[in-house]
Amino acid sequence: MSSTPIIDFLKEYAEKNTVRAHMPGHKGAFPGFLSEAAKYDITEIPGADELFCARGVIRESEKNAARLFGAGRTLYSTEGSSLAIRAMLYLALINAKALERAGLRPKTERYTVLAARNAHFAFIAACAALDLDIEWLMPESCALLSCPVTARMADEALAALDERKTPPILVYVTSPDYLGAEQPIAELALAAHWHGVPFAVDNAHGAYLGFVENDRHPMKLGADLCCDSAHKTLSCLTGAAYLHISKYAPAVMAETAERALALFASTSPSYLILASLDAMNARLESGYREELAAFARGLGRLKERLAERGYSLVGTEELKLTLAPKSCGYTGLELAETLRKRGVECEYADEEHTVLMLSAQNGEEALRRIEAALLTLERRAPLEKMDLRLPKLTRVMTVREAMLAPQEFVPTERAEGRVMGNDHCACPPAVPPAIPGELITREAAELMIAFLKTECAVVNG
Ligand SMILES: Cc1ncc(COP(=O)(O)O)c(C=O)c1O
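Keep in mind it's a predicted model, so treat the numbers as computed, not measured.

Chemist: Please set out the sheet that holds strand S6 (residues 225-229) residue by residue, giving values where relevant.
Modeler: The strand order across the open sheet built from 7 strands is S1-S7-S6-S5-S4-S2-S3, with neighbouring strands paired in mixed fashion. The sheet is open, and its two borders are formed by strand S1 (73-77) and strand S3 (133-137), each paired with just one other strand. Adjacent strand axes in the sheet meet at a mean angle of 20 degrees, parallel and antiparallel pairs treated alike. As defined by bridge partners, strand S4 (residues 170-174) adjoins strand S5 (residues 199-202) across 4 bridges and the pair is classed as parallel. Residue pairing for S5: Val173 is matched across the bridge by Val201.

Chemist: Outline the pattern of salt bridges, supporting the account with residue identities and numerical values.
Modeler: Proximity of charged atoms lets side chains of opposite charge pair with each other. Throughout the structure, instances matching the rule amount to 27 salt bridges. With its nearest N and O atoms 3.2 Å apart, the salt bridge here joins Glu446 to Arg442. Residue Glu446 and its partner Arg442 are located together in helix H15 (residues 442-450), separated by 4 residues, close to a single helical turn. For Arg442, a relative accessible area of 45% puts it in the partly exposed group. When salt bridges with common partners are traced through the structure, they connect Arg55, Arg73 and Glu258 into a single cluster.

Chemist: A description of the sheet that holds strand S9 (residues 320-323) should follow, citing residues and the corresponding values.
Modeler: In space, the 4 strands of this open sheet follow the order S8-S9-S11-S10, with antiparallel pairing throughout. With partners counted over all chains shown, the strands left at the sheet margins are strand S8 (313-314) and strand S10 (348-349), one partner each. On the sheet, helix H11 (residues 288-308) packs against S8 and S9 and is oriented at approximately 15 degrees with respect to S9. Contacting S9, S10 and strand S11 (354-357), helix H12 (residues 332-341) crosses the sheet at an angle of about 45 degrees to S11.

Chemist: So what's going on with the site of the ligand? Which residues, and what values?
Modeler: Inspection of the region around the ligand gives 14 residues, with Ser81, Ser82, Asp202, His205 and Ser229 positioned closest. Ser81 places a polar main-chain atom, nitrogen or oxygen, 2.8 Å from an oxygen atom of the ligand. Within the side chain of His205, one N or O atom sits 2.7 Å away from an oxygen atom of the ligand. When the ligand sits alone it has 390 Å² of accessible area, and the protein chains cover 90% of it. Mapped by element, the contributors of at least two residues to the shell around the ligand are helix H4 (80-101) and helix H8 (230-233). Of the residues forming the shell around the ligand, the biggest block, 4 residues, is contributed by H4. When grouped by side-chain class, the residues that make up the shell around the ligand number 4 nonpolar, 8 polar and 2 charged.

Chemist: Just give me the short version of the state of the cysteines, but keep the residues and values in it.
Modeler: Throughout the structure, instances matching the rule amount to 0 disulfides. No disulfide involves Cys236; its sulfur sits 15 Å from that of Cys227, the nearest cysteine. Assessed through its relative accessible area of 11%, Cys236 is described here as buried. Of the cysteine sulfurs around Cys328, a residue in no disulfide, the closest is that of Cys346, at 14 Å.

Chemist: Provide a residue-level description of the side chain of Glu258, including the pertinent values.
Modeler: Mapped onto the secondary structure, Glu258 falls in helix H9 (residues 251-264). Classification of Glu258 by relative accessible area gives buried; the value is 10%. A polar side-chain atom of Glu258 sits 3.3 Å from a polar atom in the side chain of Arg55. Setting aside chain neighbours within four positions, we find Glu258 in contact with Leu51, Phe52, Cys53, Ala54, Arg55, Arg73 and Leu75.

Chemist: If you had to explain the domain arrangement of the protein to someone new, which residues and values would you point to?
Modeler: In terms of domain boundaries, the protein breaks down into domain 1 (51-284), domain 2 (288-375) and domain 3 (399-459). On a C-alpha basis, the centroid separation for the pair domain 1 and domain 3 is 26 Å. Between domain 1 and domain 3 lies a buried interface of about 1,400 Å² when both sides are counted; carbon and sulfur atoms form 72% of it. At the boundary of domain 1 with domain 3, the tally comes to 0 salt bridges. Top contributing element to the side of domain 1 that touches domain 3 by residue count: helix H5 (residues 121-130), with 6 residues. Looking at the side of domain 1 that touches domain 3, its residues break down into 13 nonpolar, 2 polar and 2 charged.

Chemist: Would you mind going over the pairing of strand S7 (residues 241-245) in detail, with residue names and values included?
Modeler: Across the 5 residues of S7, 5 count as buried, placing the element largely inside the fold. Burial along S7 is two-sided: the residues Ala241, Leu243 and Ile245 and Tyr242 and His244 are all buried. For S1 and S7, the ladder comprises 5 bridges, and the chain directions are antiparallel. Note on S7: the bridge partner recorded for Ser77 is Ala241.

Chemist: Run through the nonpolar core, naming residues and quoting values.
Modeler: Formed by 143 residues in total, the largest nonpolar core has its most connected members in Leu89, Phe123, Tyr172, Phe199, Leu234 and Leu321. When residues of this core are assigned to their parent elements, the largest contribution, 11 residues, is made by H4. Ignoring anything within four residues of it in the chain, the contact list for Leu321 reads Leu299, Leu302, Lys303, Leu306, Leu313, Thr354, Val355, Leu356, Leu358, Ile370 and Leu374. Counting 11 residues, the second-largest nonpolar core is a separate cluster that includes Leu393, Val410, Met420 and Ala444.

Chemist: Give me the packing of aromatic side chains: which residues, what numbers.
Modeler: Counted according to the given criterion, the structure contains 9 aromatic pairs. Consider the rings of Phe69 and Tyr242, whose centres lie 4.6 Å apart with planes at 50 degrees: the pair is tilted. Here Phe69, found in helix H3 (residues 57-69), pairs with Tyr242, found in strand S7; they are 173 residues apart in sequence, far enough to count as distant. On the basis of relative accessible area, Tyr242 is assigned to the buried category, the value being 0%. Taking the centre distance of 6.4 Å and the plane angle of 80 degrees together, the rings of Tyr90 and Phe264 count as edge-to-face. In this pair, Tyr90 is assigned in helix H4 and Phe264 in helix H9, connecting sequence segments 174 residues apart. Phe264 sits in the partly exposed class, given a relative accessible area of 24%. One aromatic cluster in this structure is built from Phe69, Tyr76, Phe211, Tyr242 and Tyr288.

Reading the values: the criteria
Residues numbered from 1 in each chain as written. Predicted model: local features only at pLDDT ≥ 70, side-chain atom pairs only at ≥ 80, totals over all residues. Heavy atoms only, no water. Pairing = 2+ DSSP bridges. Helix = DSSP H or I, 4+ residues; strand = E, 2+ residues; numbered from the N terminus. Axes fitted to C-alpha atoms, helices over the stretch in contact; angles between N-to-C directions. Salt bridge = Lys/Arg side-chain N within 4 Å of Asp/Glu carboxyl O. Buried < 20%, exposed > 50% of the residue type's maximum accessible area, 1.4 Å probe, protein only. Contact = heavy atoms within 4.5 Å. Near = heavy atom within 4 Å. Polar contact = N/O pair within 3.5 Å; in protein donor to acceptor, adjacent residues only side chain to side chain. Areas by Shrake-Rupley, 256 points an atom, 1.4 Å probe, with all protein chains shown as cover. Nonpolar A, V, L, I, M, F, W, Y, C, P; charged D, E, K, R; others polar. Disulfide = S-S within 2.5 Å. Domains from an automatic or database assignment. Buried area = accessible area lost by both parts, 1.4 Å probe. Core = buried A, V, L, I, M, F, W, Y, C linked by side-chain atoms within 4.5 Å. Phe/Tyr/Trp six-rings, centres within 6.5 Å; stacked < 30°, edge-to-face > 60°.

Structure representation (structure tokens):
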């Protein structure tokens, strides 16, 4: 079983009763609520290692994780996948510049990432910070939260960019998405590599995918880089995430990874979050697979019963239950509200969907309560579906220019014809209907309103 070097150190330190003449200010003695946890909430003192220069207990724990996830190198993030996404884009840029210097890539004035459109806002923010351009992979059916791309689409887009002598620095997809749909990762990896481009996956929702019976973690399917939010589906504290780098990824990526994370991260990582990642390694090796398999089977049977009762289900992921409840006469938001009244709090809901994000930790009892809440719901006449497809928008400024330009807030119903600015993008789902620098059309404004965004930031002037 995996060792737990971080936890061992924290316990030993807490037992020593040392005078804590270091951060944090609570000195391990938080009154009341949190009192137990506070003992272990320390800073990077000698022996506790340093998150982005890990040579001791953190490095040992990260090695355990790398082995379990099949990665060449795994690094911890205490600031979620959001931090890992910024680091992945930086690593893609560092790699492109190294290839350029070696004469293995044409020199380009600007750098582009080829990405599926349903990307999380952290990706957009990273493109602004690094001044990257985005070429969207966007099928006709692309909606805000679902963007089913194929290897053929990626191949054609890559061929077009090759022809223009502007190969992208990275192909980037989000899989699973917020609704629980998955992209064809192995095929996309092949297409990217065929064109000599690294491939990254935002696997924030799929940390557990390496432990299901049909193991399909992106590290096993050919991704060079991927991030997993351990806190979303594993038993880890909020903020816990992994940045995985494949053993087959360009060497410069693993070599630069710590500095890539440090560039965007706080210098005060949470040891409670690190301890939860450390503990998870041990758990992944002691019964977790079996627990997950049993829970996934139970949830699979529940999905079958719901489908028999007329519920429309979305997605392929084992741990998500995504309902499209208009077939039963409810909007997604109404169903979430009804479930709340029946003691079930959902992860996300919009006009069309209600998303329940579950984990092995929920157990059978939770499934029984969800089933009871859903199967006793009064059936109504089906409602008409809204068209949530994303319009293709014209870019008139770079993402960075739009982020740095003066901004003003306008009611969304009057945003048509304005350039999208640095708008707050609420999570969930944190996927913006218009990207900074894009011209807002009537359809885009309507879509924002459908997602309850009644005011938006636009470029002023
Ligand atoms: C698809 C996707 N990627 C990335 C993130 C960011 O993850 P984190 O909250 O771990 O920073 C989220 C958050 O919900 C997400 O849904």
